[in-house]
Amino acid sequence: MRKGIIISTLLIISALLASCSNTSKEPVKNVVAYDNYSKAPVEAFGSIKCLKSRDIYIGFPAKIEKILIKNGQKVKKGQTIATINMQEYELQKSQKESQYKLADLELQKSEEQLKKLKQIIKVDPYDMEQMSIQLEAMEKEYAELQRELTESKQLLDMGGISQQEYKLAEKSVNQKKIDIEKLKLSISKAQSSVDKQNSDNKEAAKMIENDIEVLKEKARLAKEDLDSYISLLSEEYIKDGTIISDVENGSISELGFKENDQLDGTKKICSIVDLDQLIAEVDVSEEDIKNVKLDAPVKITPIADKSKSFSGKVSFISGDGFTQNGEIVFPVEIEFIDGGGFLLPQLSIDVEISNN
């Protein structure tokens, strides 16, 4: 009986051992053990964002001749994006130059006219001065003749001269007086004429001065318009009838024109994304956000190629959460340390944020 019990026990043990040997064993993958001195990283999902892009506008009428890039194409600084026909620009520039030159010429003519007019306006012109000198001399002669006439009257009373000789002396005095009165009248008329001429000239000068102010403003506005139009070519991305990239390391986006399209200055030609200004943006759950710290090291893995990874650090933690798929999350921005390599905006990524 005892022997039977032992045999039964052995059979049960054998069956159990056989059962255990037939159970399939699944290998354990990616098991990481964290001790008291190491904490699990915060995992999150997000995408690549661009901090800076360059919008390309042409602010003058032109025609696209040839487009040498496509949306999403990477470009380097100085690389040609498109060639443009600038005939319309040159025509309008020539017209604006002519308008400015004409306004400036009108201004110069008016300023020269005013200068000449002011030279005519004099209080004592040369002829008036000569007549005044002549009058002064005649008045001295008249005084001398009057003195001689007085002496002649005394001689006449004493019988020293004849009545006829006295009459001749008296006639000379009277004639000189008449000549003086005539000269005074001529001076008066000349002065009136000069005064009127000066008054007319001054009024004309005032009108020209007012015209000059208007012409100055006209010339200034024409010059500003010309300078402003010329400055449209000052953009670094416009060079010798071509549009080039002025971004060191960029990617084309939002290309909105095709060859032979007319540009009117109101629509954007394209944007150039600055690939040297990329960040990773992820959403961290409310349970994990407390474990995310500024400057914490980050491992960034693009979902498109999980064999590659990049290094970064936390550069911004938003305090303003939002609801996503029924869960509250907080945006976190990550700055690349090694440049991001082949990463492009909008690429999806996984990140591991160090929690140590």
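Note on numbering: residues in each chain are counted from 1, in written sequence order. It should be noted that, the model being predicted, local features are given only for residues of pLDDT at least 70 and side-chain atom pairs only at 80 or more, the latter also being counted only at that level, while totals for whole chains, interfaces and linings use all residues. Side-chain metrics in this entry use all non-hydrogen atoms of the structure; hydrogen atoms and water are not considered.

**Digging into unusual backbone geometry**
Next, step 1: One non-glycine residue, asparagine 260, adopts positive backbone phi at about 75 degrees.
Next, step 2: You can see asparagine 260 is positioned in the loop between strand 8 (249-253) and strand 9 (262-263).
Next, step 3: Exposure is judged per residue with a 1.4 Å probe applied to protein chains only, and the accessible area is read against the type maximum: over 50% gives exposed, under 20% gives buried, and values in between give partly exposed. According to the relative accessible area criterion, asparagine 260 is exposed, its value standing at 53%.
Next, step 4: One non-glycine residue with positive phi stands out, namely aspartate 295, at about 70 degrees. Under the scheme used here, helices are H or I runs from DSSP no shorter than 4 residues and strands are E runs no shorter than 2 residues, and both carry numbers assigned from the N terminus.

**Here we look at the pairing of strand 12 (residues 297-302)**
Next, step 1: Here strand 12 runs beside strand 13 (residues 310-317); their pairing, made up of four bridges, is antiparallel. Residue valine 298 lies in a different strand from strand 13, and its bridge partner there is glycine 312.
Next, step 2: Two strands qualify as a pair provided DSSP detects at least 2 bridges between them. Strand direction decides the pairing type here: strand 12 and strand 16 (residues 348-353), joined by five bridges, are antiparallel. Along strand 16, the bridge assignment pairs isoleucine 300 with valine 351.

**Structural notes on the packing of aromatic side chains**
Next, step 1: Pairs were defined over the aromatic rings of Phe, Tyr and Trp, the Trp ring being its six-membered one, requiring ring centres within 6.5 Å. Orientation was assigned from the angle between planes: stacked under 30 degrees, edge-to-face over 60, tilted for the rest. If you walk through the whole model with that rule in mind, you get two aromatic pairs.
Next, step 2: Ring centres of phenylalanine 60 and tyrosine 89 lie 4.7 Å apart, and the angle between their planes is 55 degrees; on these two criteria the pair is classed as tilted. Taken together, the positions of phenylalanine 60 in the loop between strand 2 (53-56) and strand 3 (62-67) and tyrosine 89 in helix 2 (residues 87-120) put the pair 29 residues apart, joining distant regions of the chain.
Next, step 3: By relative accessible area, which is 0% here, tyrosine 89 ends up buried.
Next, step 4: Between tyrosine 89 and tyrosine 229, the ring centres sit 4.8 Å apart and the planes meet at 10 degrees, which makes this aromatic pair stacked. Pair noted here: tyrosine 89 is in helix 2 and tyrosine 229 is in helix 4 (residues 163-231), with a separation of 140 residues, a long-range link.
Next, step 5: Classification of tyrosine 229 by relative accessible area gives buried; the value is 8%.
Next, step 6: Over a ring means this: the NZ of a Lys or the CZ of an Arg is within 6 Å of the ring centre and within 35 degrees of the ring normal. Cation over ring: lysine 223 sits above tyrosine 100, and NZ or CZ is 5.9 Å from the ring centre.
Next, step 7: Its guanidinium or amino end placed over the ring of phenylalanine 257, lysine 267 lies 5.2 Å from that ring's centre, counting from NZ or CZ.

**Considerations on the sheet that holds strand 7 (residues 242-244)**
Next, step 1: The strand order across the open sheet built from five strands is 6-7-5-3-9, with neighbouring strands paired in antiparallel fashion. Only two strands of the sheet have a single neighbouring strand rather than two, namely strand 6 (238-239) and strand 9.

**Considering the sheet that holds strand 4 (residues 74-76)**
Either a parallel or an antiparallel arrangement is found when strands of a sheet pair, and the pairing is made through backbone hydrogen bonds.
Next, step 1: Pairing in this open sheet of four strands is antiparallel, and the strands run 2-10-8-4 from one edge to the other. Lying at the two open borders of the sheet, with one neighbouring strand each, are strand 2 and strand 4. The sheet shows a mean angle of 35 degrees between the axes of neighbouring strands, direction not considered.
Next, step 2: Sheet topology note: the strand 8/strand 10 (residues 270-274) ladder contains four bridges and is antiparallel. By the bridge assignment for strand 10, isoleucine 252 is matched with isoleucine 272. Angles shown run from 0 to 180 degrees and are taken between the N-to-C directions of axes, each axis being a line fitted to C-alpha atoms and, for helices, limited to the stretch in contact.

**Looking at the pattern of salt bridges**
Next, step 1: What makes a salt bridge here is a side-chain nitrogen of Lys or Arg within 4 Å of a carboxyl oxygen of Asp or Glu, nothing more. Applying the stated criterion across every chain, the model contains 21 salt bridges.
Next, step 2: Across the salt bridge formed by glutamate 106 and lysine 218, the nearest N and O atoms sit 3.3 Å from each other. Remark: lysine 218 occurs in helix 4 and glutamate 106 occurs in helix 2; sequence separation between them is 112 residues.
Next, step 3: For lysine 184, the salt bridge goes to glutamate 139, with nearest N and O atoms at 3.8 Å. Taken together, the residues span a long stretch of sequence, with lysine 184 in helix 4 and glutamate 139 in helix 3 (residues 126-158) at a distance of 45 residues.
Next, step 4: By relative accessible area, glutamate 139 is classed as partly exposed at 36%.
Next, step 5: What you see here is one network of salt bridges that share partners, running through Arg54, Glu235 and Asp246.

Keep in mind these numbers describe shape, not what the thing actually does.
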